[in-house]
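# Breakdown of the fold
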Amino acid sequence: MKSNFNNSPYTIAGPCSAESWEQVHATVKALVSKGITVIRAGVWKPRTRPNQFEGRGEEALKWLKQIKSEFDVKIATEVATTEHVEMALKYDIDILWLGARTTVNPFIVQEIANSLKGIDLPFLIKNPINPDLSLWLGAIERIAGAGIKKIGAVHRGFSSFQKTKYRNAPMWQIPLELKRHFPEVLLFCDPSHIAGNREMLGELSQKALNLNYDGLMIESHIDPSSALSDAEQQITPDKLAALLDKLKVREATSDDVIFKNHLDELRDKVDHLDREIIEALAARMKAVEEIGNYKKDNNVSIFQLNRWQEITETRPEWAKIFDLDPTYVLDIYKLIHQESIKKQTLIFNKDRVDATSEK
Ligand code: PEP
Ligand code: MN
């Protein structure tokens with residue numbers, strides 16, 4: 001994909017919201033001077049609680065149209081109703097996006113999709129607030145069903161019950177799964193809404209590039225501390241340029257023969273080790289079967305709390321010896337234990353079926 005800032009990834013940048021003519025104009029002017037050519041700006045802001053700043057609506061669309069012709073940039077904005085789509089088109093907005101609070105609602109997504117029939121413009125779909133891949137896939141299918149060809153998915157993180165250091169937990173495996181389902185959909189990372197602060201934007205953007213994302217959407221404001229929405233996470237155009245400058249863009253692959261050979265060797269090694277892991281899992285399951293039969297013969301329950309506690313304590317400790325993340329190993333053992341309980345339950349049930357059939 002074409003880069004729009006020196007050696008940087010495809011970047012969509014701009015304020016969370018278009019607040020005033022002066023603010024949008026000054027922000028876009030500074031962004032353009034840094035090489036940004038695609039501007040984002042919210043016009044209707046979905047706010048969690050009422051009586052907060054809800055965007056400038058049509059007035060802001062007028063500013064954006066003027067800015068578009070003054071700076072020769074493309075403008076992207078969020079739409080959440082069919083009226084928004086109509087208004088955005090009336091003011092020549094170039095790219096539309098669905099926000100996280102809209103992607104969760106198939107009825108609204110379908111209405112918006114219906115209103116797009118016969119229209120050809122790039123459309124971005126943010127992930128739903130909750131970590132549900134199907135809702136995200138479904139929204140993409142509905143928009144694609146309307147005949148929209150250029151579709152992008154924006155990863156902006158997910159809310160979670162657990163307190164994390166992020167405003168919205170990234171859960172990287174979900175966008176990567178999305179890419180597996182729809183390889184042709186461009187994947188953007190929105191580190192601003194994932195982080196919720198300025199400090200983590202650089203590392204999140206680099207992580208996205210390491211994972212071969214196609215682009216970034218980053219909130220930038222001429223005076224972030226005075227922003228009417230998302231003040232904590234916006235950065236100045238200067239800071240954005242410095243951030244982009246530091247990023248290392250990764251290649252999707254390399255044609256270099258030495259690289260390819262070495263990668264093949266390493267992958268052979270991984271294949272071999274995976275085979276050993278599966279053999280070890282099978283041998284472990286055999287031992288579990290013996291335990292299951294032994295418990296059943298001695299009329300002892302399947303679940304043994306003390307033993308499970310011992311496993312959850314020792315395995316993460318062993319993981320540390322080998323420089324592995326203890327929580328990662330604990331998660332694996334939770335799955336292994338679940339499967340082992342399932343296996344033993346089958347053994348116990350088999351006994352029950354036999355006993356019933358004897359009657
Ligand atoms: C935004 O982009 O400013 C926004 C409201 O994002 P999200 O829908 O990801 O919360
Ligand atoms: Mn925002």
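Keep in mind the model is a prediction, meaning the values are calculated, not measured. (Residues numbered from 1 in each chain as written. Chains lettered and ligands numbered in written order. Predicted model: local features only at pLDDT ≥ 70, side-chain atom pairs only at ≥ 80, totals over all residues. Heavy atoms only, no water.)

## So, the packing of aromatic side chains
As a reminder, the rule being used: Pairing of aromatic rings covers Phe, Tyr and Trp, the last through its six-membered ring, and needs centres within 6.5 Å; plane angles under 30 degrees mean stacked, over 60 mean edge-to-face, and all others mean tilted. The numbering of helices and of strands both runs from the N terminus, where a helix is a DSSP run of H or I of at least 4 residues and a strand a run of E of at least 2. With a 1.4 Å probe rolled over the protein chains alone, any residue whose accessible area is under 20% of its type maximum counts as buried; one over 50% counts as exposed, and the rest are partly exposed.
For the structure on display, the rule yields three aromatic pairs. Arranged with centres 5.9 Å apart and planes meeting at 70°, the rings of Y10 and F188 form a pair that is edge-to-face. With Y10 in strand β1 (residues 10–14) and F188 in strand β7 (residues 186–189), this residue pair connects regions lying 178 residues apart in the sequence. In this structure F188 comes out as buried when scored by relative accessible area, which is 3%. Arranged with centres 6.4 Å apart and planes meeting at 75°, the rings of W136 and F158 form a pair that is edge-to-face. Linking W136 in helix α6 (residues 133–145) with F158 in the loop between β6 (151–155) and α7 (173–181), this pair joins segments that are 22 residues apart in sequence. Classification of F158 as buried rests on a relative accessible area of 1%.

## What about the domain arrangement of the protein?
To keep things clear, this is the line we draw: Source of the domain bounds: an automatic or database domain assignment.
Domain parsing of the protein yields domain 1 (11–246) and domain 2 (257–358). Measuring from the centre of the C-alpha atoms in domain 1 to the corresponding centre in domain 2 gives 43 Å.

## Observations concerning the pattern of salt bridges
Heads up, the condition is: The salt bridge definition used is simple: a Lys or Arg side-chain nitrogen within 4 Å of an Asp or Glu carboxyl oxygen.
One pass over the structure, following the stated rule, counts 14 salt bridges. Note that R307 is salt-bridged to E310, the shortest N-O span being 3.2 Å. Of this pair, R307 and E310 both sit in helix α12 (residues 305–321), separated by three residues, roughly a single helical turn. Here R307 falls in the partly exposed class, since its relative accessible area comes to 41%. Take E310: its relative accessible area is 38%, and that puts it in the partly exposed class.

## A closer look at the coordination of the manganese ion (ligand 2)
Note the threshold: Donor atoms: N, O and S within 2.8 Å of the metal, or within 3.2 Å for Na, K and Ca. Because water is excluded, sites can look incomplete.
Here the manganese ion (ligand 2) is held by C16 (SG), H193 (NE2), E219 (OE) and D230 (OD), and the distances to it run 2.1 to 2.4 Å. Written as a sequence motif, the donor arrangement for the manganese ion (ligand 2) is C-x176-H-x25-E-x10-D. Here C16 is found in the loop between β1 and α1 (21–33), whereas its partner D230 is found in the loop between β8 (215–219) and α10 (237–246), with 214 residues between them in sequence. Pair check on accessibility: C16 and D230 agree, each one buried.

## Considerations on the site of ligand 1
Condition: Proximity criterion: a residue is near a molecule or strand once any of its heavy atoms comes within 4 Å of it. Identification of polar contacts relies on pairs of N or O atoms within 3.5 Å, with a donor-acceptor requirement for protein atoms, meaning one able to donate a hydrogen and the other able to accept it, and with residues adjacent in sequence counted only if both atoms are side-chain atoms. The method behind every accessible area is Shrake-Rupley, applied with a 1.4 Å probe, and residues are considered shielded solely by the protein chains displayed. Amino acid classes used here: Ala, Val, Leu, Ile, Met, Phe, Trp, Tyr, Cys and Pro are nonpolar; Asp, Glu, Lys and Arg are charged; the rest, including Gly, are polar.
In the neighbourhood of ligand 1, the contacting residues comprise C16, R40, K45, E78, W97, G99, A100, R101, K126, R156, H193 and E219. In this structure, R40 approaches ligand 1 through a side-chain N or O atom, which is 2.7 Å from an oxygen atom. In this structure, E219 approaches ligand 1 through a side-chain N or O atom, which is 3.2 Å from an oxygen atom. When isolated, ligand 1 has an accessible area of 300 Å², and the protein chains bury 97% of it. In the shell around ligand 1, the residues fall into three nonpolar, two polar and seven charged.

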